[in-house]
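# Inside the fold
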Amino acid sequence: QVQLVESGGGLVQAGGSLRLSCEASGNILRIANMAWYRQAPGKQRDLVAVITSGGSTNYQDSVKGRFTISRDNAKNTVYLQMNSLKPEDTADYYCNADVWRDLFRRLEVWGQGTLVTVSS
């Protein structure tokens, strides 16, 4: 089994910052892409940011310049630094990882989600 455990969500005022963490554990050979998604009430789940195993990143346009995704491959952990938060960033944030359990078994794993609430 492979698990992703997120932490770092909470309530923050507009303009503030939060840092989300997501650690993968279990039977893991290596992790390819790691990403953060978010889902606001009544809306679909959208990709926020993604990072490859080599460190290349890509962001949703609405968070560019405010959010930074990073990872520590030795710890199987991905981070999302969120600055200049806006009320429209309020959502459940989900970690996602493309995990190789061995040379033949590859699976997509999701975390349980962590709530970020930005007050105006």
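Anything mentioned here points back to the structure above.
It should be emphasised that the depicted structure is a prediction, and the values quoted were computed from it without experimental measurement.

Cut-offs and rules
Residues numbered from 1 in each chain as written. Predicted model: local features only at pLDDT ≥ 70, side-chain atom pairs only at ≥ 80, totals over all residues. Heavy atoms only, no water. Helix = DSSP H or I, 4+ residues; strand = E, 2+ residues; numbered from the N terminus. Rg over C-alpha atoms; globule rule 2.2 N^0.38 Å. Buried < 20%, exposed > 50% of the residue type's maximum accessible area, 1.4 Å probe, protein only. Contact = heavy atoms within 4.5 Å. Areas by Shrake-Rupley, 256 points an atom, 1.4 Å probe, with all protein chains shown as cover. Lys, Arg positive; Asp, Glu negative; His and termini not counted. Charge placed at Lys NZ, Arg CZ, Asp CG, Glu CD. Polar contact = N/O pair within 3.5 Å; in protein donor to acceptor, adjacent residues only side chain to side chain. Pairing = 2+ DSSP bridges. Axes fitted to C-alpha atoms, helices over the stretch in contact; angles between N-to-C directions. Salt bridge = Lys/Arg side-chain N within 4 Å of Asp/Glu carboxyl O.

## Comments concerning the overall build of the protein
Each helix and strand in the protein was counted, giving zero helices and 11 strands. Counted from the first residue to the last, the protein has its helices and strands arranged as β-β-β-β-β-β-β-β-β-β-β. Rg of the C-alpha trace for the protein: 14 Å, near the compact-globule value of 14 Å for 120 residues, within the 12% margin. Taken over the C-alpha atoms alone, the protein extends approximately 50 × 25 × 25 Å along its principal axes. Relative to its 120 residues, the protein shows a buried fraction of 42%. Considering only residue pairs separated by 6 or more positions, the protein has 54% of its internal contacts joining residues 24 or more positions apart. Of the roughly 6,500 Å² that the protein leaves accessible, carbon and sulfur atoms contribute 47%. Here the protein contributes 13 positive and 11 negative side-chain charges, whose respective centroids are spaced 3 Å apart.

## Considering the environment of Thr77
Take Thr77: it is sitting in strand S8 (residues 77-82). For Thr77, a relative accessible area of 7% gives the class buried. In sequence terms Thr77 and Leu20 are 57 residues apart; their C-alpha atoms lie 10 Å from each other. Residues in contact with Thr77, not counting those within four places in the same chain, are Cys22, Glu23, Met34, Ser70, Arg71 and Asp72. A distance of 2.9 Å separates the side chain of Thr77 from the backbone oxygen of Lys75, its partner in a polar contact.

## Focus: the sheet that holds strand S1 (residues 2-7)
In space, the four strands of this open sheet follow the order S1-S3-S8-S7, with antiparallel pairing throughout. Because the sheet does not close on itself, it has two edges, and the strands there are S1 and strand S7 (67-72). Within this sheet the neighbouring strands show an average axis-to-axis angle of 15°, counted without direction. Sheet analysis places S7 next to S8, joined by six bridges and oriented antiparallel.

## Details of the side chain of Asp89
Checked against the element boundaries, Asp89 lands in the loop between S8 and strand S9 (91-100). For Asp89, a relative accessible area of 1% translates into the label buried. A polar atom in the side chain of Asp89 sits 2.8 Å from the side chain of Arg66. There is a polar contact of 2.8 Å between the side chain of Asp89 and the backbone nitrogen of Lys86.

## Examining the pattern of salt bridges
For side chains of opposite charge, pairing can occur when their charged atoms come near one another. Within this structure, the stated rule accounts for five salt bridges. The salt bridge involving Arg38 is made with Asp89; its shortest N-O contact spans 2.9 Å. Of this pair, Arg38 sits in strand S4 (residues 30-39) while Asp89 sits in the loop between S8 and S9, and the two are 51 residues apart along the sequence. Each member of the pair, Arg38 as well as Asp89, carries the same accessibility label: buried. Measuring nitrogen to oxygen at the nearest pair gives 2.7 Å for the salt bridge that ties Arg105 to Asp102. Assessed through its relative accessible area of 42%, Arg105 is described here as partly exposed. Overlapping salt bridges, with partners in common, bring together Arg38, Arg66 and Asp89 in one network.

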